[in-house]
Amino acid sequence: MTVEQNVLQQHSQKHQQTLLNQLREVTGTTDIQLLQQALQVSNGDLAEAVAFLTEKNAKVPQQDEATYYQTSQVANDRYISVGSQADTNVIDLTGDDKDDLQRAIALSLEESNRAFRETGITDEEQAISRVLEASIAENKASLKRTHTEVWSDSPNPHDRKRMDNCPVGLKNVGNTCWFSAVIQSLFNLLEFQRLVLHYSPPARVQDLPRNQKEHRNLPFMQELRNLFSLMVGSKRKYVDPSRAVEILKDAFKSSESQQQDVSEFTHKLLDWLEDAFQMKAEEDREGEKPKNPMVELFYGRFLAVGVLEGKKFENTEMFGQYPLQVNGFKDLHECLEAAMIEGEIESLHSAENSARSGQEHWFTELPPVLTFELSRFEFNQALGRPEKIHNKLEFPSMLYMDRYMDRNRDITRIKREEIRRLKEHLTLLQQRLERYLSYGSGPKRFPLADVLQYAMEFASSKPVCTSPVEDIDTSAPPVFLCLSEQGSLVPPDGSATQQRVPIHKPFTQSRLPPDLPMHPAPRHITEEELRVLEGCLHRWRSEVENDTRDLQGSISRIHRTIEMMYSDKSMMQVPYRLHAVLVHEGQANAGHYWAYIYDPHQRRWMKYNDISVTKSSWEELVRDSFGGYRNASAYCLMYINDKKPFLIEEEFDKETGQMLSGLDKLPPDLKQYVKEDNELFDKEIEEWDALQARKAQQEKLALATAAASTLAASSQDPEYMEQPSPTNDSKHLQEDMERAISKAAAEQEERSPEALLNAAIKVEYTRLLRFAQEDTPPEKDYRLQHIIVYFIQNQAPKKILERTLLTQFADRNLAFDERCKSIMNVARAKLDLIKPDEVNMDEYEMWHQDYRNFRETTIFMMIGLELFQKRNYVEALMYLIYSYQYNRELLAKGLYRGHDEELLGYYRRECLLKLNEQAAAMFESGEEPEVTTGLGIMNELVVPCIPLLLVHDAEKDLLAVEDMRNRWCSYLGQEMESNLQEKLTDFLPKLLDCSTEIKSFHDPPKLPTYSTLELCERFNRIMATLSRAPTECR
């Protein structure tokens, strides 16, 4: 019976069996009748079925072998199978059996068939609907959230513009990181990409779909084509997949909320695509057996060879995603070996027909794209919920599948037998080695070679006759002093009101007598005894060391032999290269997905994390995917046949031979679709640029007006002084100018105002230059005292420096005597004579604006550090966040434009960690007001800031985020009230599902204003405090 002839019946059986498999894996229950009952009671709802089984709390009996193999013949319980074809000589173990178990299965299948025929939607699809609609509901609900909770695009379209031919990311539209991970992995299979892009719906269903399945699958295919076309030719850095997800939502109706499972979604996606291509294939090949490209690309076949009570059977099955257990295995080959052999297999290829039972699986046909599901979740019966397995599991970048192929069955059996024999020998050698390395009969054991060495050292120590306790004088009473009422120690005087305190002398009371050895030694030993004993111990130790080396060498050789067992050329003919790794971070019921995908043309790994697509490496992939480190591990592996390059080959123009790229890869309808979207984006950029140009022009006019007012109105302060107390700043500036004029007058022979002005400017510049070149501690920052110091350190143009100094000497506050007044008038005259082409006023204002930004950043930093030291972390956070961001913008222009980035980064990070600690402590209290406040701190302050720590991939910031996530994930395994569990489940996706997309924040805190003197004094105090802190906190 083929797949194509019985689509409805096979899909019904497939989905029914998949539900049973998932329920068995989640709950650990092996009783088929009980599983069927749970599915029937829950009407196909997996969550309710799990609840039903856990509430029964019944002890489930183990299946006997007959029951196990009977159910395995109905449909394989380990594989997502799309059909089966039995050999003619296969014994039918299910045909005549009418017991209750088979009747229950038959009724269940019949019910599933009937539901499928009526609606075109299976029970599994209805169950999956809940999580899919939840993703859309999450996206829509986000629009109603408060300002700080909304994921928002940058208003500047240039931030969202694609750079060159960088891969396009996918926007997370509400708990849909799983969608992004799977779609990116499939999109980067260029053959799959071509199939989707060039798909055209069957002509007979374009006007009126025949059934609900066609009504669902064809629109989804069109949206997937649109999405793929944007990922090929869009000018955007990332695109929105909402329409494709909306189709999924419309197909499934429910309101339950949880994240979708990657393997389940991939399975469903391929099913839909298979159905869509099947309709097209049937139309294109009327009268012929149609070929479905999805089946040919993703589905393979294996042969189940088994023995049941001495009777042999064989059964051919198809599979798509191949599930593998992780628990108890160290690498992918061990997982595969365990999956390919079930039960006792000695009788499978022996001459005797024993009563033993077992089965082997052998691949007869592997798909070009081979996908492994790594089962990292198991159900905790005690806690009543699933838990994630964080065990380390290694997998290779190149996987050779020869040992699992049916054509190599005989040679593989021989090699497996040899490996089994070697492992038995290895176990024996390891046990012997352990006796050498852990010698003794008590609870504490030591290496035998060390024991012999210690014995030799004891025997060789200097013999003494002194008892180890003879020299300790126990007859002398302890010396006492008295504690007076004032707290001082005084000699005893017999008063009953004083407390007697013994004097402890830690450095003298325990000192050994000078003739007592530091180590124990024998009391009596003759030279002859010592000579014989040393000879024996030396010989025994050498023998033990030689035996240990021999055992270790034999163990290493056996390990190498096992590792090289399949390395001969004949067993390396079926190579599969790792194409994509789907990673899950978090726990069983909450987490974040991303993908590592290999780019064969650039020969490097890429990391696809929602909208962020970055270069990566094999080392980073190993760190995040193998498991055993943090909470991240691979969840799905996608390998491709390395001998079928068409899977990843680019497409070439048939006429010119040139490689197609961008819009040239698209069919006409999609090319037009992408062009229209790109035109919309270009228009958005143009409108933004026009808006910014208008704003810049308005600011320029405002600045020009302000500059003119400054020069014309004598009551104005210097441009760079925007302070509420101009009197203090002007007085400070006035004193500096007067000092420079006085010094210039004393040194200058010519007394004309112009000569004095030139001399005074030179004196002032020399003074400020000395400040700029001085090596000062962090608390003494001369840049805050004078703008010229800031300009000198940042190498401002000479014309900017000269005009700034002239402006200061032209200040009206200098006109207190005739000499200063005349110098002020000369300075003003010189300013008026400066031509526009001599000093670029835009550049001049830009430098002064940078200085204002520097002072503002300093105030943010200063207040944030003061609040942090007062442990007011809630208020400190926004000051530290904005000071870091503004400071980073300053440092992008030059090293001396801002403050120490590491220092600000440290306190920003520590503030978030402190807030996380506070919020976690509130949550642990269990009190409703405290819990609400703690989660409010996380949602309003901490979670929106996490992308800021992730965006630059700084190691310390990444570790801080991991610490925060681990703290909250640790609660998943703990007992707590149901309301707390519900709040935690709702909160964790927000904490874990964080890409580098920046959330909206509150507006920056309103800054108080300070005079230069006040700012310098407060900055000096806080920085001096930090300089006394430990080195890592500076």
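In the annotation of an unreviewed UniProt entry, the entry for the protein chain reads Ubiquitin carboxyl-terminal hydrolase 25, and the organism field reads Myripristis murdjan. In UniProt, the protein chain has this text filed under Function (unreviewed entry): "The muscle-specific isoform (USP25m) may have a role in the regulation of muscular differentiation and function." UniProt, in the comment section headed Catalytic activity (unreviewed entry), describes the protein chain in these words: "Thiol-dependent hydrolysis of ester, thioester, amide, peptide and isopeptide bonds formed by the C-terminal Gly of ubiquitin (a 76-residue protein attached to proteins as an intracellular targeting signal)."

*Asks:* Just checking my understanding: could you explain the overall build of the protein chain for this structure?
*Replies:* In terms of regular secondary structure, the protein chain is built from 30 helices and 20 strands. Within the span of the protein chain, comprising 1034 residues, buried residues form 48% of the whole. Working note: accessible area of the protein chain is about 52200 Å², and carbon and sulfur atoms make up 51% of it.

*Asks:* I'm lost on the packing of helix 20 (residues 753–773) against helix 22 (residues 798–809) in this one. Help?
*Replies:* To characterise two packed helices, one gives the angle between the axes of the helices and the distance between these axes. Axis separation between helix 20 and helix 22 bottoms out at 11 Å; the angle between their running directions is 115°. Classed by the angle they form, the pair helix 20 and helix 22 counts as roughly perpendicular. For the element pair helix 20 and helix 22, the recorded crossing hand is right-handed. Side by side, helix 20 and helix 22 meet where Leu757, Ala760, Ile761, Glu764 and Tyr765 of the first sit next to Leu801, Leu805, Leu806 and Phe809 of the second. Per-class residue counts for the contact of helix 20 with helix 22 are eight nonpolar, no polar and one charged.

*Asks:* Help me understand the pattern of salt bridges, please; the structure alone is not making it clear to me.
*Replies:* Charged atoms that come close allow side chains of opposite charge to pair. By the definition in use, this model includes 36 salt bridges. Note that lysine 798 and glutamate 802 form a salt bridge whose closest N and O atoms lie 3.9 Å from each other. Placement of both lysine 798 and glutamate 802 in helix 22 is noted, with a separation of four residues, approximately one turn of the helix. Look at glutamate 802 and you get partly exposed, because its relative accessible area is 36%. We note a salt bridge from glutamate 917 to arginine 967, for which the minimum N-O separation is 2.6 Å. Of this pair, glutamate 917 sits in helix 26 (residues 901–925) while arginine 967 is found in helix 28 (residues 955–969), placing the two residues 50 residues apart along the sequence. Look at the salt bridges and you will find they share partners, linking Lys607, Glu620, Arg623 and Asp624 into a network.

*Asks:* Looking at this structure, I do not really get helix 8 (residues 190–197). What am I missing?
*Replies:* Helical periodicity: at 3.6 residues per turn, an α-helix aligns residues three or four positions apart in one direction. Along helix 8, seven of the eight residues are buried, which leaves the element largely enclosed by surrounding structure. For helix 8, every residue scored as buried is listed here: Leu190, Phe192, Gln193, Arg194, Leu195, Val196 and Leu197.

*Asks:* What should I look at first to understand the confidence of the model for the protein chain in this one?
*Replies:* Any segment with low pLDDT has predicted coordinates that should not be analysed in fine detail. In the predicted model, the protein chain carries a mean pLDDT of 75, and 68% of its residues have values of at least 70. For the protein chain, per-element mean pLDDT is lowest for helix 4 (residues 65–74), which scores 34, and highest for strand 12 (residues 398–400), which scores 94. In this model, residues 1–11 is a region of pLDDT below 50 whose contacts with residues beyond four sequence positions or in other chains number 21 contacts. Here residues 1030–1034 is a poorly scored stretch, pLDDT under 50, and it has seven contacts once near neighbours within four places are set aside; other chains count.

*Asks:* Sorry if this is basic, but what is going on with the environment of aspartate 736 here?
*Replies:* Within the secondary structure, aspartate 736 is located in helix 19 (residues 726–747). On the basis of relative accessible area, aspartate 736 is assigned to the buried category, the value being 6%. Once the C-alpha coordinates of aspartate 736 and phenylalanine 809 are considered, the two residues, 73 residues apart in sequence, prove to be 10.0 Å apart. Among all residues touching aspartate 736, those that are not within four sequence positions of it are Glu764, Arg767 and His786.

*Asks:* Honestly, the nonpolar core in this entry has me stumped. Any pointers?
*Replies:* General note: in soluble globular proteins, nonpolar side chains tend to be found buried as a group. One finds Phe791, Phe809, Leu865, Leu877 and Trp968 to be the most contacted residues of the largest nonpolar core, which totals 96 residues. Residue contacts for leucine 877: discarding those within four places in its chain leaves Cys911, Leu912, Leu915, Leu941 and Cys945. Ranked by size, the runner-up nonpolar core spans 61 residues in total, among them Phe187, Phe192, Val245 and Val369.

*Asks:* In this structure, what is going on with unusual backbone geometry? I would like to understand it.
*Replies:* Residues other than glycine predominantly adopt negative phi, and peptide bonds predominantly adopt the trans conformation. With phi around 50°, aspartate 164 is a residue other than glycine that occupies positive phi space. Residue placement: aspartate 164 occurs in the loop between helix 6 (123–142) and strand 2 (169–170). Residue aspartate 164 is classed as exposed on the basis of its relative accessible area of 71%. With phi around 55°, aspartate 610 is a residue other than glycine that occupies positive phi space.

About the criteria used
Residues numbered from 1 in each chain as written. Predicted model: local features only at pLDDT ≥ 70, side-chain atom pairs only at ≥ 80, totals over all residues. Heavy atoms only, no water. UniProt positions renumbered as here; feature names shortened; annotations may be inferred. Helix = DSSP H or I, 4+ residues; strand = E, 2+ residues; numbered from the N terminus. Buried < 20%, exposed > 50% of the residue type's maximum accessible area, 1.4 Å probe, protein only. Areas by Shrake-Rupley, 256 points an atom, 1.4 Å probe, with all protein chains shown as cover. Axes fitted to C-alpha atoms, helices over the stretch in contact; angles between N-to-C directions. Parallel < 35°, antiparallel > 145°, perpendicular 65-115°, else oblique. Left-handed = near helix turned anticlockwise from the far one by under 90°. Contact = heavy atoms within 4.5 Å. Nonpolar A, V, L, I, M, F, W, Y, C, P; charged D, E, K, R; others polar. Salt bridge = Lys/Arg side-chain N within 4 Å of Asp/Glu carboxyl O. pLDDT = per-residue confidence, 0-100. Core = buried A, V, L, I, M, F, W, Y, C linked by side-chain atoms within 4.5 Å.

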